[in-house]
Amino acid sequence: MKATLVESREIAPEVRHFTFEVSDLPELDFTPGQWVSISEIVRDKKTTRAYSLASAPSGNRFELCLNRVKEGLFSPWLFRLEPGESVSIKGPLGSFVPKLPFAESVLVATGTGIAPFRSFLQSPAVLDSHLPVTLLLGARYEESLLYRAEFEALERTRPGFRFLPTITRPSPAWQGRTGRVQAHIDSILGVRTDLDVYICGLRAMVDEVRSLLAARGFEKSRIIFEKYD
Ligand SMILES: Cc1cc2nc3c(=O)[nH]c(=O)nc-3n(C[C@H](O)[C@H](O)[C@H](O)COP(=O)(O)OP(=O)(O)OC[C@H]3O[C@@H](n4cnc5c(N)ncnc54)[C@H](O)[C@@H]3O)c2cc1C
């Protein structure tokens, strides 16, 4: 399938939010949490990378949230894409989706690992469940807390939703949580193991959070994760 870039905007240093449109289909049907693969010839080599859908299904449009990996091959190429240009995509793919029926959940993300959770948090399965949902989002700096305003707004409108951002390099003005997401698992969960924990981001963080949960006695089926590397 071909997807055409409609627009892209910077949402944090080295992070852009992209809106694409699939021209051959009236609708791109997917489940929040799934991803698409994008393939293009970059530096004379066919290159394919996975990107989580960062929006809920909406006609033939979909959104992505990408960070530019400095020494990377594909992400710097995608950052140079102009509106009107197309890429080849396959999908939707993957099974990192909300379990049904949706249970009380904690969502743990760092960086662009937030993408599938933005999709979760726009979907009726999660929003209309009326169950408590906590989003623990880690970033290095305040300006890198992706979609912060959206999640703060959701906290005001969706009862039971808690947004807990944490910063590893806070400015003196920052009054919220500090340190890595791993440091907040204990205080968020207390003694509980009877909820689902979804984790998304780079391997090191995902594996550390999984180990913390396993050590607390979490059942495997309650730890759902997606690794970006
Ligand atoms: C299921 C899945 C979903 C993904 N969804 C997203 C997404 O929504 N947004 C997104 O930005 N990336 C996402 N990725 C990562 C993406 O596929 C690429 O790996 C990333 O864009 C780097 O590609 P590259 O060619 O620029 O770097 P490469 O030349 O392939 O270099 C890879 C290096 O970049 C590191 N890396 C990979 N991903 C990231 C990242 N996101 N941030 C920092 N370092 C990284 C790896 O550890 C590795 O060292 C996803 C990966 C998977 C497997």
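What you see as residue numbers is a count from 1 along each chain, following the sequence as written. This being a predicted model, a pLDDT of at least 70 is required before a residue's local features are given, and a value of 80 or more before pairs of side-chain atoms are given or counted; all residues contribute to the totals for chains, interfaces and linings.

Bringing the site of the ligand into the picture now. Ala50, Gly72, Phe74, Ser75 and Asp229 are the nearest of the 21 residues found near the ligand. Helix and strand assignments follow DSSP, with helices taken as H or I runs no shorter than four residues and strands as E runs no shorter than two, numbered in order from the N terminus. Taken together, the elements giving at least two residues each to the shell around the ligand come down to strand S4 (45-52), strand S5 (61-67) and helix H1 (74-79). The residue classification treats Ala, Val, Leu, Ile, Met, Phe, Trp, Tyr, Cys and Pro as nonpolar and Asp, Glu, Lys and Arg as charged. All others, Gly included, are polar. For the shell around the ligand, the residue count by class is 11 nonpolar, 7 polar and 3 charged. Just so you know, the domain bounds were taken from an automatic or database domain assignment. Inspection of the shell around the ligand shows a minimum of three residues originating in each of domain 1 (2-93) and domain 2 (105-227). Each residue receives a C-beta atom placed from its backbone. It is near a molecule or strand if this atom lies within 6 Å of it.

For the bond running from Gly91 to Pro92, omega is 5°, close enough to zero to count as cis. With respect to the secondary-structure elements, Pro92 resides in strand S6 (residues 86-93). The omega angle of the peptide bond from Leu100 to Pro101 is -5°, so this bond is cis rather than trans. Structurally, the position occupied by Pro101 is in the loop between S6 and strand S7 (105-110). Within the chain, Glu14 stands out as a residue other than glycine whose phi angle is a positive 65°.

Attention shifts here to the sheet that holds strand S12 (residues 223-227). To summarise the sheet geometry, strands pair through backbone hydrogen bonds and adopt either a parallel or an antiparallel arrangement. Read from one edge to the other, the open sheet built from 6 strands follows the order S10-S9-S8-S7-S11-S12, with strand pairing classed as parallel. Each of the sheet's edge strands pairs with one partner strand only, and the pair in question is strand S10 (177-178) and S12. By definition, two strands form a pair when at least two bridges between them are found by DSSP. Bridge count for strand S11 (residues 196-201) against S12 is 5 bridges, and the pairing is parallel. Within S12, the residue paired with Val197 across the bridge is Ile223. Remark: residues whose backbone-derived C-beta atoms lie within 7 Å of one another are considered to be in contact. Angles shown run from 0 to 180 degrees and are taken between the N-to-C directions of axes, each axis being a line fitted to C-alpha atoms and, for helices, limited to the stretch in contact. Along the sheet, helix H4 (residues 148-157) makes contact with strand S8 (133-139) and strand S9 (161-167), crossing S9 at roughly 145°.

What follows deals with the domain arrangement of the chain. Per the domain assignment, the segments making up the chain are domain 1 (2-93) and domain 2 (105-227). One C-alpha centre belongs to domain 1, the other to domain 2, and the line joining them spans 24 Å. Taken together, the contacts link 15 residues of domain 1 with 13 residues of domain 2. Those elements that place two or more of their residues in the side of domain 1 that touches domain 2 are strand S1 (2-12) and S5. Counting residues per element, the side of domain 1 that touches domain 2 draws most heavily on S5, which supplies 4 residues. Here the residues of the side of domain 1 that touches domain 2 sort into 11 nonpolar, 4 polar and no charged.

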